[in-house]
Amino acid sequence: MKFIICKDYDEMSRAAADVISDLVAAQPDCTLGLATGSTPIGLYAELVKDCADGKISFKDVDTYNLDEYRGLPADHVQSYHYFMKDNLFDHVDIDQSRTHVPDGSNPDAQAACAEYEAAIKAHGGVDLQLLGLGHNGHIGFNEPNTEFVKETNCVDLTESTITANSRLFDSIDQVPTQAYTMGIGTIMAAKKILVVANGEGKADIVAQAFFGPVTPQVPASVLQFHPDVTVVVDAAAGSKCPQQ
Ligand code: GLP
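Everything numeric in this text was worked out from a predicted model, so none of it was measured. In every chain, residue numbers begin from 1 and rise along the written sequence. Under the rules for a predicted model, residues below a pLDDT of 70 receive no local features and side-chain atom pairs below 80 are neither given nor counted, while totals for whole chains, interfaces and linings still include all residues. As a rule here, side-chain values cover all heavy atoms of the structure and leave hydrogens and water aside.

K.L.:
What should I look at first to understand the site of the ligand in this one?
P.N.:
The rule for a residue being near a molecule or strand is that one of its heavy atoms must lie within 4 Å of it. The local shell around the ligand holds 14 residues, among which Ser 38, Thr 39, Asp 67, Arg 167 and Lys 202 are the closest. Two N or O atoms count as a polar contact when they lie within 3.5 Å, although within protein this holds only if one can serve as hydrogen donor and the other as acceptor, and sequence-adjacent residues are included solely when both atoms are side-chain atoms. Between Ser 38 and the ligand, the recorded distance is 2.8 Å, taken from a backbone N or O atom to an oxygen atom. Between Thr 39 and the ligand, the recorded distance is 2.4 Å, taken from a side-chain N or O atom to an oxygen atom. Residue burial considers only the protein chains on display, and all accessible areas are found by Shrake-Rupley using a 1.4 Å probe. For the ligand, whose free accessible area comes to 390 Å², the fraction covered by protein is 94%.

K.L.:
It is not clear to me how the packing of helix H2 (residues 41-52) against helix H3 (residues 80-87) should be interpreted in this structure. Could you clarify?
P.N.:
How two helices pack is summed up by the angle between their axes together with the distance between the axes. With axes taken as lines fitted to C-alpha atoms, and helix axes fitted only over the stretch in contact, angles between N-to-C directions fall between 0 and 180 degrees. The secondary structure listing takes helices from DSSP runs of H or I that are at least 4 residues long and strands from runs of E that are at least 2 residues long, numbered from the N terminus. In contact at an axis separation of 10 Å, H2 and H3 are set at 45 degrees when each is read in the N-to-C sense. Relative to H3, H2 is oriented oblique. Between H2 and H3, the contacting residues are Ile 41, Tyr 44 and Val 48 on the first element and Phe 83, Met 84 and Asn 87 on the second. Here roughly perpendicular refers to angles of 65 to 115 degrees, roughly parallel to angles under 35, roughly antiparallel to angles over 145, and oblique to all remaining angles. Whether two residues touch is decided by their heavy atoms; if any such pair falls within 4.5 Å, the residues are in contact.

K.L.:
Explain the pattern of salt bridges to me, please; I cannot follow it from the model alone.
P.N.:
Two side chains with opposite charge may pair up if their charged atoms get near one another. Each salt bridge in this description consists of a side-chain nitrogen of Lys or Arg and a carboxyl oxygen of Asp or Glu lying within 4 Å of one another. Using the criterion set out here, one finds 16 salt bridges in the structure. Arg 98 is the salt-bridge partner of Asp 60, the closest N and O atoms lying 4.0 Å from each other. Taken together, the positions of Asp 60 in the loop between H2 and strand S3 (62-65) and Arg 98 in the loop between H3 and strand S5 (99-100) put the pair 38 residues apart, joining distant regions of the chain. Three labels apply to residues, based on accessible area from a 1.4 Å probe with only protein chains included: buried if under 20% of the type maximum, exposed if over 50%, partly exposed otherwise in between. Classification of Asp 60 as partly exposed rests on a relative accessible area of 31%. Judged by relative accessible area, which is 24%, Arg 98 ranks as partly exposed. Ionic pairing is found between Lys 121 and Glu 151, a salt bridge with its closest N-O pair at 2.8 Å. In this pair, Lys 121 is assigned in helix H4 (residues 109-123) and Glu 151 in the loop between strand S6 (128-131) and strand S7 (153-156), connecting sequence segments 30 residues apart. Residue Lys 121 is classed as exposed on the basis of its relative accessible area, which comes to 52%. Each of Arg 14, Asp 18, Glu 46, Lys 49, Asp 50 and Lys 55 takes part in a single network of salt bridges with overlapping partners.

K.L.:
What exactly am I supposed to notice about the sheet that holds S5 here?
P.N.:
Whether parallel or antiparallel, the strands of a sheet pair through hydrogen bonds between backbone atoms. Strand pairing follows a simple DSSP-based rule, namely that at least 2 bridges must link the two strands. The seven strands are arranged S1-S10-S9-S6-S2-S3-S5 in an open sheet whose pairing can be described as parallel. A single partner strand is all that each edge strand has here, and the edge strands are strand S1 (2-6) and S5. Where strand S2 (residues 31-34) meets S3, four bridges bridge the pair, whose relative direction is parallel. Following the sheet pairing, Leu 32 is matched in S3 by Thr 63. Here helix H1 (residues 9-26) sits on the sheet in contact with S1, S2, S6, strand S9 (192-197) and strand S10 (229-234), set at roughly 165 degrees to S9. In the packing of helix H7 (residues 203-211) onto the sheet, contacts are made with S1, S9 and S10, and the angle to S1 comes to roughly 165 degrees.

K.L.:
Even after reading the chapter, I still don't get the sheet that holds strand S4 (residues 67-69), so can you show me in this structure?
P.N.:
Overall, antiparallel pairing links the three strands, which are arranged S4-S8-S7 in an open sheet. Edge positions in the open sheet fall to S4 and S7, since each of these has one partner strand only. The mean angle between the axes of side-by-side strands here comes to 25 degrees, regardless of whether they run parallel or antiparallel. Looking at chain direction, S4 and strand S8 (residues 178-181) are connected through three bridges and run antiparallel. In the strand pairing of S8, Asp 67 is matched with Thr 181.

K.L.:
Can you help me understand the nonpolar core in this one?
P.N.:
The tendency in soluble globular proteins is for nonpolar side chains to be buried as a group. Take the buried Ala, Val, Leu, Ile, Met, Phe, Trp, Tyr and Cys residues and link them wherever side-chain atoms come within 4.5 Å; each set so joined is a nonpolar core. By size, the foremost hydrophobic cluster in this structure holds 61 residues, and its most contacted members are Leu 32 and Leu 223. No other element matches H1, which puts seven residues into this core. Aside from chain neighbours lying at most four places away, what touches Leu 32 is Ile 20, Leu 23, Val 24, Phe 58, Val 61, Asp 62, Thr 63, Tyr 64, Val 126 and Leu 128. Tyr 80, Phe 141, Ile 162 and Phe 169 belong to the second largest nonpolar core, which has 10 residues in total.

K.L.:
Mind showing me how you'd approach H3 here?
P.N.:
The periodicity of an α-helix, 3.6 residues per turn, causes residues three or four places apart in sequence to face the same way. Considered for burial, the residues of H3 that qualify are Tyr 80, Phe 83, Met 84 and Asn 87. Within H3, the buried residues cover an arc of 95 degrees as seen down the axis, which keeps them to one side. On its buried face, H3 sits against S2, H2, S3, S4 and helix H5 (159-165). The arc in question is the one spanned by the directions pointing from the helix axis to the C-beta atoms.

K.L.:
Would you mind going over the pairing of S10 with me for this structure?
P.N.:
Strand residues, when the strand is regular, have side chains that alternate between the two faces of the sheet. Across the six residues of S10, six count as buried, placing the element largely inside the fold. What you see with S10 is no split at all: Val 229, Val 231 and Val 233 on one side and Thr 230, Val 232 and Asp 234 on the other are buried throughout. With five bridges connecting them, S1 and S10 associate as parallel partners. By the bridge assignment, Phe 3 is partnered in S10 with Val 231. The pairing of S9 with S10 spans five bridges and is classified as parallel. Along S10, the bridge assignment pairs Val 196 with Val 232. Orienting the strands away from the viewer, one traces the path from the first strand over the helix to the second; a clockwise path indicates a right-handed crossover. A crossover links S9 with its parallel partner S10, the connecting element being H7, and its sense is right-handed.

Laid out in structure tokens, this is it:
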């Protein structure tokens, strides 16, 4: 595992963007697994700049997002599909028919998840998977559990996740209580993994996930078993980690 502690959020965003930019430059038809949340917003802004500067092009890139709220259609302002358009897809030269997000508008959870999992496999998998980190150690929307769920699945969001994500909704009762998410197995199948985390509030979970025991109670801890993981954090999020 490569563990990089940056000075601040901007440096973290640039360092993480470099990992993605370098891959896109070297392999213009790569497949990116993408994430939402506040953490990668700066990183996406850096990728938009790289594309505007002609450093990289997304025209042959395919993307598969980690997760989506169950019940939110793609054009809902709080959907992850909308987030991706707003933060990346509408600002780069990507072919939007090659971008994929689980279909939150499909009420048939089993079908929506099975279709998404099959589509990723049929495509040949993901070259680089970007991940943020939930305060409880979730990746995608894989919440603390008694097992590592292998494939794309429908999860009941925990109280802590609903509370954390309610900041983006008008009120807490508008936060969906379920989501479709790539499974831990889907995530672990990516060739390369890039994790970003920032802020003091993530310091405990960063230390537990990457330096503590591997347990489904801290879903991100399984990443310690992946052969190619880069973790990029700011100084605050890295402050409780053992000396590097
Ligand atoms: C959400 C997303 C995750 C994200 C996490 C952290 O619940 N499903 O993919 O990593 O929250 O979000 P933030 O970056 O806003 O802290």
